[in-house]
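Here is what each chain is made of, one letter per residue.
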Amino acid sequence: MPVNKTKGFVMTRYPYETSEAKWQKAWEKQACFVAKDPKPGQGKSYILEMFPYPSGRLHMGHVRNYAMGDVLARYRRAKGDAVLHPMGWDAFGLPAENAAIQKGVQPKDWTYKNIASMRKQLKALGFSLDWSREFATCDQDYYHQQQKIFLKLLEKDLIYRKSSQVNWDPVENTVLANEQVVDGRGWRSGALVETRNLEQWFFRITAYAQDLLDALDGLSRWPEKVRTMQANWIGRSKGALVRFAFADEGAPDGFDEGVEVFTTRPDTLFGASFIALSPQHPLTLKLAKSKTEIDDFVKKCAQAGTSEEAIERAEKTGIDTGLSVEHPFIEGKRLPVWIANFVLMGYGTGAIFACPAGDQRDLDFARKYDLPVLPVVLPPGEAAEEYRIYDSAWVGDGRLYNSGFLNGKPVKEAIPLAISELEKLQKGKQKIQFRLRDWGASRQRYWGCPIPVIHCDSCGAVPVPEAELPVVLPDAVSFEQPGNPLDHHPTWKHTKCPICAKPAVRETDTLDTFVDSSWYFARFCSPKADAPVESAAARSWLPVDQYIGGIEHAVLHLLYARFFTRALRDCGLLDLPGGEPFNGMFTQGMVTHETYRDNEGNWLSPEEIVSDGANWKTKNGDRVHVGAIEKMSKSKRNTVDPAVIIEKYGADVARWFVLSDSPPARDVQWTEAGVEGAARFVQRVWAEVCDVAEQPVPQNQSITKGSEPLIRLTHKTVRAVSQDIETLGFNKAVARLYELMNAIRKAKEAGGEMLAARHQATRTLILLLSPFVPHLAESCWEKLGEQDLVAQTPWPVFEVELAEDDTIVIPLQVNGKRRGQLDVIAGLSKDELLDMAMKNPSVQKSIAGLEVKKVIIVPDRIINIVAA
RNA sequence: GCGGAUGUGGCGGAAUUGGUAGACGCGCUGGAUUUAGGUUCCAGUGUCUUACGACGUGGAAGUUCGAGUCUUCUCAUCCGCACCA
């Protein structure tokens, strides 16, 4: 056993290698973390971290995420709550298919193997999870329940089919995800990507748009920024639908009603200089059939990709259709009809009217194609005769001019006036428009939940009868040919129509994995139930009290889950009155690390470099270039494997470090020095406890003058750490715990008088540390002779009087500058404080020769004397 | 392009409601112990200044007795954008 002689006592190294496994076994034997339904009068806490994708290895981001949830779960348990802290696997998805293609393994085998190794890693970290409720979304039972949900939603018309665009790789004959499109080309084939239209399944999330927006106000325990992002994503705007009739030469076939556009600025109609259609607008597609230039233009746009970012960032281009429409207000005025790449088919009607003076994109477009720019809103302080638009559109407030009946009106008044005029002329109407689109959930992929629908030539899309569920994903599939393996599976898709019994084919699309993660939290309440959710269990546990995960899920996952709980409620599947799944939400930051490159610019991993004291070198002695601190990623090779850290330092050190330095919402930088620091802390606690354990257990518990500061600090720390955990301020709790430990170490020298206080402080320290470093805490607890597990010991309590300081320091300011201080007992009156302040020598010196104009006294806080 | 955030010593960060800026940790410096080194322990550590003191929270301005905190503008960096999870 390694021994170190320091200051006369023998310090034993904390043996994490043996103790961590030992305590994990003890917890499991006692079933410490198996959730039991809350008893009457008992509080409940459902603590959940976003479940991981089983990529094969745990990364530091997981460790941080689960460490946070674990601290809260262990704390709430110690406070007496019934706690549900489950774990599962978000197991469907693209990477399994990529692995299948690259390594020739079956996605199922690859996934379950990964789950097994990640489960082992999670267990090695000692998280207080209820493993009895574990499931993976690729478990047949889970997707069976999900297929039931699908059928219910379909029945309720919350799911429907429509045509929409996908990225199409013409070489691989396959649909590409946005992330598989690199610079407009397929990531494997390198072929220019096209957009194609496919019939796909959609969830009608827009049916809840208003409710999803309104309910954000009630989510007081969500980060403000997440609520804002969701509100912007839903994007409610009030505007008008305006119908532009085709001019005399006539409308194209099927467009007799003209072209309808949505606008939030009907006040600027007099400044309209053209209307523009999306490249996917029905009229565009019609025109493309007869005009090759238009067809070419549409094809070119299709290469830009389907992501909104790609469309908006692309250089603005367009083509004149040669058609023209009538201006709704100005008799005889005609506007040309263009097709423009920046008009989104997914928003509004897929067509806009352009007022270049009032919209930057319209202006850029007008300048490029030499279209008229007529200003109609006069900014405050500008003169109508002199005001010109150059390169910047004016989107702010002002008064209308050049605008007929709207002249002189401010924008706010002009908008409703314009709308009522449109309504009077029967050329338009008011419209509330949401940016939110329905959720396209079809994926042309194998490794996902099969959609329980059969396509029949006579009966159409027919739901699979519930009794015939589950539609099981076939096990052995071939990835030899490109495209969806379900589609070219020899037998799987061929079946009979449930209605007419004629030969029919199964839907070969599977569901977006976001569907899987939209209700898993509810499944944890009753993971074995024969219905998606069992209502008694859901009532016991839902909603989730604290959900923790990455900010990257701020919009999509969290919005889909909020939609799902509403949809499930309305189908009678989940009894959640408010409709909200997550009462508390927290988004944690990422784990980052320095990046390294060699002279050739190749990324180097931290294990490949060595320090010569001043600089990093490769093992060959070449220079290493230190780059930016970035999120740990495989491609930059700046990852640190948790397994390596656990091996070298133990799980507690990894947990302590990821929680210690940075605020949990912020990124934390992984550094070797920081880990060493955490390891030192663990050893110091152990050394201290070993020392305390050798002292006789003191009988006299009374407070003496010498021990009072330590006793006060102990109570103060209990209060502060409890509060820090409640508010997820883990880095602050860590700082408090360091402080208490340092005080306990100092108390060693004080000797006899401190024995009782030191013993008590040490016991308290161990309990407060236990959610963070649970294995160490158990070992320390045992060392002090305790029989019970810390995991079953209640949280310490504090006395309010002892958690407050009885003496305080009040700074004395003269003209806002600190000139001295008063050390006084708390609660003195203003007069007493003023008297003492004026007698203070430094204050007297500072105000000598000056006249006191004013004195600000904030009792127990500060005194500021204003003198001139 | 649109939307969201962040910015405080050499580094990570702390600072109820506007009230002592820099808690706590890392690093660094000096000392002690051990000594082959590491470990461990003690002390110091925002900048400038001989001192008195002055300056100091990305930058500029403002409100206030008082601003890291509030307002306006600005710069830089990061995240999301609907088929990655």
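Structural notes, computed from the coordinates.

The rules we used
Residues numbered from 1 in each chain as written. Chains lettered and ligands numbered in written order. Predicted model: local features only at pLDDT ≥ 70, side-chain atom pairs only at ≥ 80, totals over all residues. Heavy atoms only, no water. Helix = DSSP H or I, 4+ residues; strand = E, 2+ residues; numbered from the N terminus. Buried < 20%, exposed > 50% of the residue type's maximum accessible area, 1.4 Å probe, protein only. Pairing = 2+ DSSP bridges. Phe/Tyr/Trp six-rings, centres within 6.5 Å; stacked < 30°, edge-to-face > 60°. Lys NZ or Arg CZ within 6 Å of the ring centre and 35° of its normal.

**Some words on unusual backbone geometry**
So, point 1. Here the residue pair Leu 469 and Pro 470 is connected by a cis peptide bond, since its omega of 0° sits within 30 degrees of zero.
So, point 2. Take Pro 470: it is sitting in the loop between β22 (460-463) and β23 (494-496).
So, point 3. Along the chain, Leu 542 connects to Pro 543 via a cis peptide bond; the corresponding omega equals -5°.
So, point 4. Examined against the element boundaries, Pro 543 turns out to sit in the loop between α15 (535-541) and β26 (546-550).
So, point 5. Positive phi is not limited to glycine here, since Asn 815 has a value of about 50°.
So, point 6. Examined against the element boundaries, Asn 815 turns out to sit in the loop between β34 (807-814) and β35 (817-825).
So, point 7. Overall, Asn 815 belongs to the partly exposed group, its relative accessible area being 41%.
So, point 8. Unlike most non-glycine residues, Asp 860 shows phi in positive territory, near 65°.

**Points about the pairing of strand β5 (residues 159-169)**
So, point 1. In this structure, β5 lies alongside strand β9 (residues 194-203), joined through 10 bridges in antiparallel fashion. For Trp 168, the partnering residue across the bridge sits in β9 and is Glu 194.

**Digging into the packing of aromatic side chains**
So, point 1. One pass over the full model with this rule turns up 43 aromatic pairs.
So, point 2. Judged by centre distance (6.1 Å) and plane angle (70°), the ring pair of Tyr 66 and Phe 127 falls under edge-to-face. Placement of Tyr 66 in helix α2 (residues 60-78) and of Phe 127 in the loop between α4 (107-124) and α5 (140-155) is noted, with a sequence separation of 61 residues between them. Residues Tyr 66 and Phe 127 agree in their burial class; the two are buried.
So, point 3. Here the aromatic rings of Phe 342 and Phe 365 are separated by 5.5 Å at their centres, their planes lie at 65°, and the arrangement is edge-to-face. Residue Phe 342 is found in the loop between β14 (334-340) and β15 (351-354), and its partner Phe 365 is found in helix α11 (residues 360-369); the two are separated by 23 residues along the sequence. In this pair, the class of Phe 342 matches that of Phe 365, namely buried.
So, point 4. Here the aromatic residues Phe 51, Phe 135, Tyr 142, Trp 519, Tyr 520, Phe 521, Phe 524, Tyr 547 and Phe 582 are joined through ring pairs into a cluster of three or more.
So, point 5. Taking the ring centre of Trp 131 as reference, the NZ or CZ of Lys 123 above it sits at 5.1 Å.
So, point 6. Here the basic side chain of Arg 562 rests over the ring of Trp 222, its NZ or CZ set 6.0 Å away from the ring centre.

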